[in-house]
Amino acid sequence: MGAAVARWTVAAVLLQVAGLSLFLYGFFPVKPTLSGFSGTESYGMPSCSPVGAGEQETALPPNQLRSLYRELSGVPPVYDRLMLMVIDGLPAEFVLGRGGKPPSKEMMESMPYTQSLLAGCKAAGYHAKAAPPTVTMPRLKAMVSGAIGGFLDVAFNFNTQAFLEDNLLGQLHRIGCKLVMLGDETWIKLFPTLFARQDGVSSFYVRDTVEVDFNVSRHLEFELAAKDWSVLVLHYLGLDHVGHMGGRRSVLMAQKMKEMDDVIRQVHAASLQDNLERTLLVVVSDHGMTEGGNHGGSSYEETDSLALFIGHSVERPHCSPYDQNEALQVDLAPTLALLFGVPIPKNNIGVLLPELFNSLTDEQKLHTLELNSWQISRLLQAQIPAFCLEDCINSEDGLGIDVRHESIEKKFCHLLYNAFASHRSSRLHQGSDFKSDEARYVATAVDNYYGFLRYASGWLSHRATDKPFYLLISAILMMAMSCLCLMGTMSHLFKGQALSQADRHSDSYLDQRWHLDEVFILTGIFLYVIGLGSSSFVEEEQYTWNFLTSTLYLIFLIKTVQSMLKGSNSMLVHRVKGKSSDRNNFSYAVSYELTPGKQDGYKLCTVLTVLVSGRVIRAWHQGGINWVHFPDISKLLAQADSSIVKSLQTISVLAVVALYSVSLMLLRARSKFVIGVWLSHVSCGILVLMHIWENQINTVLPVNHSTSIARLFYATASVSISATLLASPWIFPIYSTEAKPASSDSNPVKHADSHGISNSVFLTGITYTVFWCLLQLLLQQPINAIPLLLIFLQTVSSVAHFSLDKTLHKQWVQGIALQFLGMAGHFGLGNTNSLASIDVAGAFIGISSYSTVISGILMFIITYGSPLMLYLGMVIYISVNGCDDISTRWQLKQRYILDKMVTLPCLLPLLVNSVALTSYTIVLLLMRNHLFVWSVFSPKYLYVCAATVCTYVGVFVIAMTAAYNCAVFSFRARSYRDTSH
């Protein structure tokens, strides 16, 4: 039966993987683009017939192409040289304030030169909203192309490929501009052939806050003195790294902003000495940051990026520097393209910023808006085949398309007609004696142009790409079939002979009645699935898991108290313990030495430990997205002295080491191997303590010694875990010996010893869990040390509670309870369903240079530390619950042991995850046109997919550990029988 269950389970998992892959391929947008680069056709009105990409002018020499563009555009270039300074992660409110109010005094004093430019009306600043996901690579693409990338660019951000779409840098390179880049190597990966000189630094080693910026500034003096370049890109990463390590309020933030202000002063001074009229300095940020210093989501703090323009065209006599001037990040591309006399990139959806064209005449300003409108219209014609600009312009009423009144084509046509009609009217009144009338017509034309451009830009940015609906339905059907297959396998398992030990040995418990904990679990899972359709429940999912976990264990507490009040039940348990004490496998708590009263006391203490620990974990991080500003323990510790946090870390490490030592003592195995495992664990604990005290919170420089300590920990832990897994089945006995009482000279009787295999699995499981806990204490944020210790306590207490009385809860209830604990702990460590809560800083502990694979694995380990700890704790669980009735030789067969130990603990997580995955996939399909599909539901789906990977990893570890132990014990049993005959 076990082999059949395994085959069906593997088939269901493969079907689920296939369905999930198909859905990801069909749902997440690979943004459709217009091929080629904009050329001379950009300066003419788009026709209704398809137009080529303008290949003829590509054969022209750069100087001739530059002249041709100037002749056709009708708008002279405003600048010749561009200095683009990117300050990674700088929130706009640090420079421009928020809500019409200036920034804080500390922020203003940190950037005195920049603030003087704003106050003197020599600079124009914008809150340039960045589209999610707010990570560097897609944001750079948006700035230079004006196009919003696909949502999965958040994944490609860690392995950037060359950018082949039409973009501003490519257009400047085509007309002969020489480009120089210093800073984030993402630019070099995006544009590997454009830069004449370059010096890239890795953007992902976030523990470096000094060298990463020094490597940029060291070239400034030479490059500012050079006359051969037209575009200089400077990308500073230090401020973003400061945020990742210490948050917005890091003590290093003001210092880093002062450093950036000095760079702005130096660059601006060089531009004034060189050529005041022809150099534009643009200071931008790719995204903002949350209070914790992370980014990736869609909150205001993450999308509030800066766009600051310093040049002659923005100077004005009067200004309000702290007005909430808002723009979109994609608006930079058309604005800079028209300022430098090159065509707007083909896939741009941005709208030019009018304040930067003050040096142009009114007619030239209107013509720039006309060029922007033509370019946007080409995109609309590609997206809406029925839309044609020529028909709109030639119609008398702007309603020349024969479509329904509510159609989007007619709306665009009407807006365009009004814009071009008012533009014609302004031309007719040009040179009028009545200046007020002329200004009024110009203002009307500008308003009409912006009405069309903003509406079209918003429609293009929010329009969901066409998804292959039937492909998505097929993918969901595959996942649903997988889910039903797992349900059928589980049902067959319950009806068959492979029941849990508690179910077989407790006839009074095996009735047909539904018990409170079983009803609650099924109801809770159903309500959780229903809640996935609400954006608020998705954003605040931690409340769901806290409620489910605390309520379930409260029910366990009630059942424990009820069992304590039943004297007959206690006597029954005592008699069962007395009869089977010689082969009871629960050596961890030595339950056969407990009286019924003590046993009840331990049961009560374990469930109370879980409840109290859960309450503390819940208070540690307020969690979620909407209520993250509420006070909690983590915020208090973040403001406390670093010695307090380090003391809590030290306590946590010592407690884990002590618990492991006690566990090995209770194991009652005194072999040299077990002592060696204990010594390796103590060594790893010492290494973690050394790492804690070597690193200062808000450290400025990466500590090489600390990196060596972390690497030594990785090596020691890996060797210890591998040795424990491989050697433990060989050091415990497979048979126990007892003499026959009837005759003193009788030969001893050999019984299959369940202690052997259970002790082996237990040693492996407790080693997994403890080393995983130490790894988390090494990688996680320092303030998470106590929650990690409490999650470990919850794991051990739950296993002990379930083992003290196997008749109290059915085995499937116990397994789901452990999963609930894992998810509650996941959110208790500060994780949310926003990409911004991913801890990037910890992914670089122990590595000196960026590695996509290693950093990605560490990031996954940090994010899913709690669920994986509970899966590793499941190995301990199967050691104390899965093989306590092995007493005969035939029961030492591998198939029987695997059926006992692995089937339900592996099948149950797969089923629960399959239900969640399939349900949320259906929700995502239904919400595909929802306002929050990309900001709320899609990030959650990425977490669901990652949780699926987490489940596969956890189940694989459980199955692999049990299978290896069973194989070794079966082999040893066969060898013993062969030699004894």
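Predicted model, so just to flag it, every value in this text is computed and none were measured.

Here we look at the overall build of the protein
Point 1. Looking only at helices and strands, the protein has 38 helices and ten strands in total.
Point 2. Counting all 981 residues of the protein, 58% fall into the buried class.
Point 3. Restricting the contact set of the protein to residue pairs at least 6 apart, pairs at least 24 apart contribute 78%.
Point 4. With an accessible surface of roughly 39,200 Å², the protein has 62% of that area assigned to carbon and sulfur atoms.

Some remarks on the sheet that holds strand β2 (residues 123-129)
Two modes of strand pairing occur in sheets, parallel and antiparallel, and in both the strands are linked by backbone hydrogen bonds.
Point 1. Pairing in this open sheet of eight strands is mixed, and the strands run β4-β3-β5-β1-β6-β7-β2-β8 from one edge to the other. In this open sheet, the two strands that pair with only one neighbour each are β4 (195-201) and β8 (326-328). Averaged over all pairs of adjacent strands, the angle between strand axes in this sheet comes to 20°, irrespective of strand direction.
Point 2. Direction of pairing for β2 relative to strand β7 (residues 304-310): antiparallel, over a ladder of seven bridges.

So, unusual backbone geometry
Point 1. Look at Cys-121: it is not a glycine, yet its phi comes out positive at around 60°.
Point 2. One can find Cys-121 in the loop between α5 (112-119) and β2.
Point 3. Cys-121 gets classed as buried once you look at its relative accessible area, which sits at 6%.

Concerning a nonpolar patch on the surface
Point 1. A cluster of nonpolar side chains, namely Trp-514, Val-519 and Leu-522, defines an oily patch on the protein surface of about 310 Å² accessible area.
Point 2. Structurally, the position occupied by Trp-514 is in the loop between α21 (501-505) and α22 (516-531).
Point 3. On the basis of relative accessibility, which here comes to 56%, the residue Trp-514 falls in the exposed class.

Section: empty space enclosed by the protein
Point 1. In the structure shown here, the tally under the stated rule is eleven cavities of 30 Å³ or more.
Point 2. Looking at the largest cavity, its volume works out to about 430 Å³.
Point 3. Forming the boundary of the largest cavity are 28 residues, of which Trp-545, Met-823, Asn-913, Ala-916 and Ala-947 lie nearest the centre.
Point 4. Listed by contribution, the elements that provide at least two residues to the lining of the largest cavity are α22, α24 (541-565), α33 (811-828), α35 (865-881), α37 (903-926) and α38 (933-980).
Point 5. Across the lining of the largest cavity, the residue classes tally to 19 nonpolar, seven polar and two charged.
Point 6. Counted as a void, the second largest cavity has a volume near 80 Å³.
Point 7. Around the second largest cavity, the lining residues are Arg-66, Arg-70, Pro-77, Tyr-79, Asp-80, Leu-172, Ile-175, Cys-177, Ser-230, Val-231, Phe-340 and Gly-341.
Point 8. The residue makeup of the lining of the second largest cavity, split by class, is seven nonpolar, two polar and three charged.

What about the packing of aromatic side chains?
Point 1. Summed over all chains, the structure comprises 23 aromatic pairs.
Point 2. Taking the centre distance of 5.5 Å and the plane angle of 70° together, the rings of Trp-545 and Phe-820 count as edge-to-face. Taken together, the residues span a long stretch of sequence, with Trp-545 in helix α24 and Phe-820 in helix α33 at a distance of 275 residues.
Point 3. Residue Phe-820 is classed as buried on the basis of its relative accessible area of 2%.
Point 4. Over the ring of Tyr-441 we find Arg-440; its NZ or CZ atom is 4.9 Å from the centre of that ring.
Point 5. Lying across the ring of Phe-969, Arg-972 places its NZ or CZ 5.4 Å from the centre.

A short note on the packing of helix α32 (residues 785-804) against α33
Point 1. For the pair α32 and α33, interaxial distance at closest approach is 11 Å and the crossing angle is 170°. Compared by their axis directions, α32 and α33 come out roughly antiparallel. On α33, the residues that touch Ile-791, Gln-794, Ser-798 and Phe-802 of α32 are Gln-814, Ala-817, Leu-818, Leu-821 and Gly-825.

Quick look at the pairing of β7
Point 1. Extensive coverage of β7 is indicated by the burial of seven of its seven residues.
Point 2. Neither face of β7 is left uncovered, since the one carrying Asp-304, Leu-306, Leu-308 and Ile-310 and the one carrying Ser-305, Ala-307 and Phe-309 both have all their residues buried.

Some details on the pattern of salt bridges
If charged atoms from side chains of opposite charge come close, those side chains can pair.
Point 1. Under the counting rule described, the total for this entry stands at 23 salt bridges.
Point 2. Between Glu-93 and Arg-98 there is a salt bridge, with its nearest N and O atoms 3.7 Å apart.
Point 3. Classification of Glu-93 by relative accessible area gives buried; the value is 17%.
Point 4. Here Arg-248 and Glu-93 are joined by a salt bridge, their closest N and O atoms 3.2 Å apart. Taken together, the positions of Arg-248 in the loop between α12 (238-246) and α13 (253-274) and Glu-93 in helix α3 (residues 93-96) put the pair 155 residues apart, joining distant regions of the chain. Each of the two residues, Arg-248 as well as Glu-93, counts as buried.
Point 5. Where salt bridges share partners, they join Glu-93, Arg-98, Arg-248 and Glu-301 into one cluster.

Side note on the pairing of strand β3 (residues 179-184)
Point 1. Most of β3 is tucked away, with six of its six residues classed as buried.
Point 2. Two strands pair when backbone bridges link them, and β3 and β4 are joined in this way by six bridges, in the parallel orientation. Within β4, the residue paired with Val-180 across the bridge is Arg-197.

A word on the nonpolar core
Point 1. Formed by 146 residues in total, the largest nonpolar core has its most connected members in Phe-23, Phe-713 and Tyr-941.
Point 2. The biggest single contributor to this core is α38, with 17 residues.
Point 3. In contact with Phe-23, other than residues within four places in its own chain, are Phe-28, Leu-472, Ala-475, Ile-476, Met-479, Thr-921, Leu-924 and Tyr-941.
Point 4. Within the second largest apolar cluster, 83 residues are counted, among which are Ile-175, Leu-366, Leu-379 and Tyr-449.

Points about the state of the cysteines
Working definition: the covalent bond between the sulfur atoms of two cysteines is a disulfide.
Point 1. For the coordinates displayed, the defined rule picks out one disulfide.
Point 2. With no disulfide partner, Cys-483 has as its closest neighbouring cysteine sulfur the one in Cys-485, 9.9 Å distant.
Point 3. We classify Cys-483 as buried; its relative accessible area is 7%.

About the cut-offs
Residues numbered from 1 in each chain as written. Predicted model: local features only at pLDDT ≥ 70, side-chain atom pairs only at ≥ 80, totals over all residues. Heavy atoms only, no water. Helix = DSSP H or I, 4+ residues; strand = E, 2+ residues; numbered from the N terminus. Buried < 20%, exposed > 50% of the residue type's maximum accessible area, 1.4 Å probe, protein only. Contact = heavy atoms within 4.5 Å. Areas by Shrake-Rupley, 256 points an atom, 1.4 Å probe, with all protein chains shown as cover. Pairing = 2+ DSSP bridges. Axes fitted to C-alpha atoms, helices over the stretch in contact; angles between N-to-C directions. Patch = residues over 30% accessible without salt bridge, like charges linked within 9 Å, V, L, I, M, F, W, Y side chains within 5 Å. Salt bridge = Lys/Arg side-chain N within 4 Å of Asp/Glu carboxyl O. 1 Å grid on protein atoms, 1.4 Å probe; cavity = no way out; pocket = protein on both sides within 12 Å on 5 of 7 lines; lining within 4 Å. Points joined across faces, edges and corners; volume = space filled by probe spheres on them. Nonpolar A, V, L, I, M, F, W, Y, C, P; charged D, E, K, R; others polar. Phe/Tyr/Trp six-rings, centres within 6.5 Å; stacked < 30°, edge-to-face > 60°. Lys NZ or Arg CZ within 6 Å of the ring centre and 35° of its normal. Parallel < 35°, antiparallel > 145°, perpendicular 65-115°, else oblique. Core = buried A, V, L, I, M, F, W, Y, C linked by side-chain atoms within 4.5 Å. Disulfide = S-S within 2.5 Å.

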